[in-house]
Amino acid sequence: MISWLMNKSPSDPGVFTAMDPDDLEELSIELQGKTVGGWGLVQLAAGTGFVAYVMWAGVLMPGFRRVPLKLQVPYVPSSAKQVENVMSLLKGRSGKMVDLGSGDGRIVLEAYKRGLRPAVGYELNPWLLRFSNYHAWRAGCYGKVFYQRQDLWKVNLSDCNNVSVFLAPSVLPLLETKLLAELPDEARVVAGRFPFPTWMPTTSVGEGINRSWAYDIKTVRQTEQNKLEGSPE
């Protein structure tokens, strides 16, 4: 009924493969307002690799048990357009770049290619770290980019000039506090998919799920200070 949810393998038309992130985004838009029956759900699960993901998550969960539930963030890979938007907001900048919750490492890898060095990803999921290093090896950048298995809430960001985050809205208020406490004035933070709840962005690019927002920490601090000075005692 909805076999179009699966991609045919170019090498073997009889073989179906899971969709890539860009296809999944288009699918989510097309499914809005549609009713999917029981068999359709089975096809959807197969086409998107959801069944494999569920089984995979059972293996990966130990990596998250040390993190409080409210601070856990699910892995959703960034699309090529989302990566490009992040890079456009960091264009012309230099210095250390970190991706908090780096997933499969694609943003860190692209940042390195565009001259942001060192480029570091913090990720708790050991399998995603392996994927990250594999992608770096394929790109000829193994040992040049760095993926570390660390809790993003515990790393010190005081030496970071550029930060990217693709995190759930529920953790962004807490992250605002951490970033303001640790980042230097010259730092820029780029948020993808969801903006920070109380910060005013310097600029933004893209539309819908591909939109990204840039925040200059010096400006954010000044705005926060002005709020405090203007508030009644």
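Residues numbered from 1 in each chain as written. Predicted model: local features only at pLDDT ≥ 70, side-chain atom pairs only at ≥ 80, totals over all residues. Heavy atoms only, no water.

1. Digging into the pattern of salt bridges
Enumeration according to the criterion identifies 8 salt bridges in this entry. Across the salt bridge formed by Asp159 and Lys96, the nearest N and O atoms sit 3.2 Å from each other. On the criterion of sequence distance, the pair formed by Asp159 in the loop between strand S5 (146-148) and strand S6 (162-165) and Lys96 in the loop between helix H4 (80-89) and strand S3 (97-100) is long-range, its members being 63 residues apart. Residue Asp159 is classed as partly exposed on the basis of its relative accessible area of 43%. The class of Lys96 is buried, set by a relative accessible area of 15%. (Salt bridge = Lys/Arg side-chain N within 4 Å of Asp/Glu carboxyl O. Helix = DSSP H or I, 4+ residues; strand = E, 2+ residues; numbered from the N terminus. Buried < 20%, exposed > 50% of the residue type's maximum accessible area, 1.4 Å probe, protein only.)

2. A closer look at the packing of H4 against helix H5 (residues 106-113)
Axes are the key here: two packed helices are described by the angle between their axes and the distance separating the axes. For the pair H4 and H5, the least separation of the axes is 10 Å and the interaxial angle reads 45°. Classified by the angle between their axes, H4 and H5 sit oblique to one another. Read as a crossing pair, H4 and H5 show a hand that is right-handed. Side by side, H4 and H5 meet where Val83, Val86 and Met87 of the first sit next to Arg106, Ile107, Glu110 and Ala111 of the second. Taken together, the residues of the contact of H4 with H5 break down into 5 nonpolar, no polar and 2 charged. (Axes fitted to C-alpha atoms, helices over the stretch in contact; angles between N-to-C directions. Parallel < 35°, antiparallel > 145°, perpendicular 65-115°, else oblique. Left-handed = near helix turned anticlockwise from the far one by under 90°. Contact = heavy atoms within 4.5 Å. Nonpolar A, V, L, I, M, F, W, Y, C, P; charged D, E, K, R; others polar.)

3. Focus on the sheet that holds S3
Reading across from one edge, S5-S4-S3-S6-S7-S9-S8 is the order of the 7 strands in this open sheet, with mixed pairing throughout. Two strands close off the open sheet at either side, each with one partner strand: S5 and strand S8 (203-205). Recorded for the sheet is a direction-independent mean angle of 20° between the axes of neighbouring strands. Bridge analysis of S3 against strand S4 (residues 119-122) gives 4 bridges, and the strand direction is parallel. Directly across from Leu100, in S4, lies its bridge partner Tyr122. Its contacts with the sheet place H4 against S6, strand S7 (188-192), S8 and strand S9 (212-216), and it is angled at close to 25° to S9. (Pairing = 2+ DSSP bridges.)

4. Looking at the packing of aromatic side chains
Scanning all chains against the criterion turns up 4 aromatic pairs. Between Trp199 and Tyr215 the ring centres are 5.6 Å apart and the planes differ by 65°, which places this aromatic pair in the edge-to-face class. Here the residue Trp199 occupies a position in the loop between S7 and S8, and Tyr215 occupies one in strand S9, the gap between them amounting to 16 residues. A relative accessible area of 6% places Trp199 in the buried class. (Phe/Tyr/Trp six-rings, centres within 6.5 Å; stacked < 30°, edge-to-face > 60°.)

5. Details of the pairing of S9
Of all 5 residues making up S9, 5 are buried, and the element is well covered by its neighbours. Burial of S9 is two-sided: the residues Ser212, Ala214 and Asp216 facing one way and the residues Trp213 and Tyr215 facing the other way are all buried. Sheet analysis places S7 next to S9, joined by 5 bridges and oriented antiparallel. Bridged to Gly192 within S9 is Ser212.

6. Things to note about the side chain of Glu123
Inspection of the secondary structure puts Glu123 in the loop between S4 and helix H6 (126-138). For the buried Glu123, which has no salt bridge, the nearest side chain bearing the opposite charge is Arg149, at an N-O separation of 8.0 Å. One polar contact links the side chain of Glu123 to the main-chain amide nitrogen of Asn125, over a distance of 3.0 Å. Every residue in contact with Glu123, bar those within four places of it in the chain, is listed here: Gly101, Ser102, Gly103, Leu128, Leu129, Gln148, Arg149 and Gln150. (Lys, Arg positive; Asp, Glu negative; His and termini not counted. Polar contact = N/O pair within 3.5 Å; in protein donor to acceptor, adjacent residues only side chain to side chain.)

7. Here we look at the nonpolar core
Ranked by internal contacts, the top residues of the largest apolar core, which has 26 residues, are Leu100, Leu157, Leu175, Leu179, Leu183 and Phe196. Put simply, the parts of the chain that give this core at least two residues each are S3, S4, S6, helix H7 (172-182), S7, S9 and helix H8 (217-230). Sequence-distant contacts of Leu100, defined by excluding residues within four places in its chain, comprise Tyr122, Leu152, Leu157, Val163, Ser164, Val165, Leu167, Leu175 and Leu179. Ranked by size, the runner-up nonpolar core spans 12 residues in total, among them Val86, Phe166, Val190 and Ala214. (Core = buried A, V, L, I, M, F, W, Y, C linked by side-chain atoms within 4.5 Å.)

8. Some remarks on the pairing of S7
Taken across its 5 residues, S7 has 5 buried, putting it largely inside the fold. Side chains Arg188, Val190 and Gly192 of S7 all project onto a buried face; the interleaved residues Val189 and Ala191 project onto the opposite face, where all are buried too. Examined bridge by bridge, S6 and S7 share 4 bridges and lie parallel to one another. Bridged to Val163 within S7 is Val189. As a crossover connection, the stretch from S6 through H7 into S7 is right-handed. (Right-handed = clockwise from strand over helix to strand, strands pointing away.)

Shape is all these values report; function is a separate question.
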